[in-house]
Every structure is written in C-alpha cells, then in structure tokens.
Amino acid sequence: MKKPTRPESTWGTEEEAAAQAADPIKSTTNNRTVKTVESEPLYDLDGLMTDFPTAKELEKFVFDQTGFVLNLKGRSNKFKYATAMDVLNGANPEDYMLGTENPYLDRNDLIPIDPMKTIPPIPMDVDGAAIVTRFDSRAFPHPDPDWKASGQKCDVVFKKYTNNVITYEVIGPISTRPVGVRVNKFGKEVPEKYEWVDPRTGEQVIRNVNGMLTPLGTRLRNFMQRMKVNKSNQWDVWIDREFIIGDTNSMSDNPWGN
C-alpha cells in the first residue's frame, strides 16, 4: 500500500506560503511575482475640487488635517489643488507656499490699531558725549489729559553730559485706548479702532552747552526744584550735579601747587 502524499501547494514551498500569509499584497512563486496590489491615495483632485470649491475652504481643510497653513489664493486651480493633495497625502509643502495667518482668521473681525509714532534720533549735541549723571523720575503727571485726570504718572529720564548739556526723555508707559463703537457680526459692540497712548518723546535737549535752558527746560527745572531733598532739591542734587572732571592733580590737598 502506497503512503499517501500531501497535495502540492499552489503557492510553492511552505516558506513561500508563509510569506504570502505575512504579506498578502505581494508574494512570489519560484522567484516570480504572482500579484501586486497598490493602495489608492487618500485624497485625489476630483474629491478635493468637489468638496472644497474655494481656496479658503481648501486652506481650512488642509490646516485641520495637517496643521500646515497654505497660501493658495490666486493660484491656478490645477496647481493649488495638486499642492493641497500632495500635502494631504504626506508631502511637505515648499516654503513659498506656506502662509502666515490661521485660515479661520477673518480680518473683518479684527479691530485695527493705529501705527505707533516714530521716535526721533538722539540729538547731535550729545551724540558720543559721556554721561555724567542720570536720574529717573516717576513724579511727573502723564501728558495725556485723560490719563492725567486719573492720576497716572509717566517715567522721565534726565541726563547730564560732560559738555554741560542736560536732556530729558519720557519713556512710558505705553498703552492703547478704544475709539468709537461698532457692532460686529455677532451683534456685540466693539471699538472701531484702538489708538496708542504713547507719551514717549525721544531724548530732547533742555539745556545747551552754554548753560541756556529751553522754555520746557525751565518748567521742568522749576518742577524738580519743588521736590525737596534734605535742604536742597532734586534738580540740584540729582540732575545738575557738579563733578570734577580732568587731571586728578586738581584734587591735591595743596591748592597752591608746588
């Protein structure tokens, strides 16, 4: 009696059958490719063009799916949909195709802010000169009438230079103030715009090299002289201080010299 034999596998050897079980997409018999199945991409042009007819909607969808902000507005249809499709299917977009703003942001909902003023450069009288003393004061009322009425102060810096020039500079604080009222698309009242409350002056000369005060310098000196420091005042003690600058021999105990 003959020993029963196992039917011949249609997949060749046991090793090849195991390979087929592990990878059903591709298998081989006798070193020949038997079957190859390619999966379709998740997104294609037809689907994107049907579901997202505008660049804005397409940008939002790409942002939701990938986190990339694309700049698709104004691009040709074929190019923008092909770019979005590639990114959705895993490609990295070129730098020039990246946008900067969240596609869900509606500029009509933004409240505009006036541009900040330009601060003038440092005066020529003190450009390159050495500072003898600097005094920071927070005693001055804010120059803006509304802020002054609420008791707000401003920060003022005084500087005296080796050439006898004295300057002042208001450095802050800086804030914004709402102007006007409008109703947004949600029915809520919001400001028409914001304007800057910016007291900054840049550095300004209030006493020149000849010791002459400007009209503003005179007012600032009078204000500071009302601020007492012991038997003196803040202007004389902290701002217009006298220093001996020059040869240290002038500080000798013998004022008559040798």
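Just above, that's the structure.
In this report, we go over the structure that sits alongside the text. (Residues numbered from 1 in each chain as written. Predicted model: local features only at pLDDT ≥ 70, side-chain atom pairs only at ≥ 80, totals over all residues. Heavy atoms only, no water.)

## A few points about a nonpolar patch on the surface
So, step 1. Where nonpolar side chains cluster on the molecular surface, the patch consists of I113, M116, I174 and W196 and spans about 340 Å² of accessible area.
So, step 2. Mapped onto the elements of the fold, M116 is located in the loop between α4 (77-88) and β3 (131-141). (Patch = residues over 30% accessible without salt bridge, like charges linked within 9 Å, V, L, I, M, F, W, Y side chains within 5 Å. Areas by Shrake-Rupley, 256 points an atom, 1.4 Å probe, with all protein chains shown as cover. Salt bridge = Lys/Arg side-chain N within 4 Å of Asp/Glu carboxyl O. Helix = DSSP H or I, 4+ residues; strand = E, 2+ residues; numbered from the N terminus.)

## Here's the deal with the pairing of strand β5 (residues 166-172)
So, step 1. Across the 7 residues of β5, 5 count as buried, placing the element largely inside the fold.
So, step 2. Taking the residues that link successive antiparallel strands as the turn, the strand β4 (residues 153-161)-β5 hairpin has 4 residues, and the phi of N164 there is positive, at about 80°. (Buried < 20%, exposed > 50% of the residue type's maximum accessible area, 1.4 Å probe, protein only. Pairing = 2+ DSSP bridges.)

## Comments concerning the sheet that holds β5
So, step 1. Taking strand neighbours across the sheet as the criterion, the 4 strands line up as β3-β4-β5-β10 in an open arrangement whose pairing is antiparallel. Only two strands of the sheet have a single neighbouring strand rather than two, namely β3 and β10 (204-207). Each strand of the sheet is rotated relative to its neighbour by a mean of 30°, with strand direction disregarded.
So, step 2. Across 8 bridges, the pairing between β3 and β4 is antiparallel. The residue of β4 that forms the bridge with P141 is K153. (Axes fitted to C-alpha atoms, helices over the stretch in contact; angles between N-to-C directions.)

## Examining the pattern of salt bridges
So, step 1. Tallying each qualifying case throughout the model produces 10 salt bridges.
So, step 2. For D114, the salt bridge is made with K193, and the minimal N-O distance between the two is 3.1 Å. Residue D114 is located in the loop between α4 and β3, and its partner K193 is located in strand β9 (residues 193-197); the two are separated by 79 residues in the primary sequence.
So, step 3. Owing to a relative accessible area of 29%, K193 belongs among the partly exposed residues under this scheme.

## Describing α4
So, step 1. Across its 12 residues, α4 extends 16 Å between first and last C-alpha, which sits within 8% of the 16 Å expected from 1.5 Å per residue.
So, step 2. Within α4, burial applies to K80, Y81, T83, A84, M85, V87 and L88.
So, step 3. The secondary structure elements touched by the buried residues of α4 are α2 (45-51) and α3 (55-66).
So, step 4. G90 lies just past α4 and shows a positive phi near 115°. (Expected span 1.5 Å × (residues − 1). Contact = heavy atoms within 4.5 Å.)

## Brief notes about unusual backbone geometry
So, step 1. For the peptide bond that leads from G172 to P173, omega is 0°, which places it in the cis range.
So, step 2. With respect to the helices, strands and loops of the structure, P173 is situated in the loop between β5 and β6 (175-179).
So, step 3. With a phi angle near 80°, N164 is a residue other than glycine that sits in the positive phi range.
So, step 4. Topologically, N164 is positioned in the loop between β4 and β5.
So, step 5. Its identity is not glycine, yet N230 carries a phi of approximately 55°, on the positive side.
So, step 6. Examined against the element boundaries, N230 turns out to sit in the loop between β11 (228-229) and β12 (232-233).

## Quick look at the environment of Y81
So, step 1. By secondary structure assignment, the location of Y81 is in helix α4.
So, step 2. Along the sequence, Y81 and L45 sit 36 residues apart, while their C-alpha atoms lie 6.3 Å from each other.
So, step 3. Residues within four places of Y81 in sequence aside, it is in contact with L45, L48, M49, F52, P53, T54 and L58.
So, step 4. A polar atom in the side chain of Y81 sits 2.4 Å from the backbone oxygen of F52. (Polar contact = N/O pair within 3.5 Å; in protein donor to acceptor, adjacent residues only side chain to side chain.)

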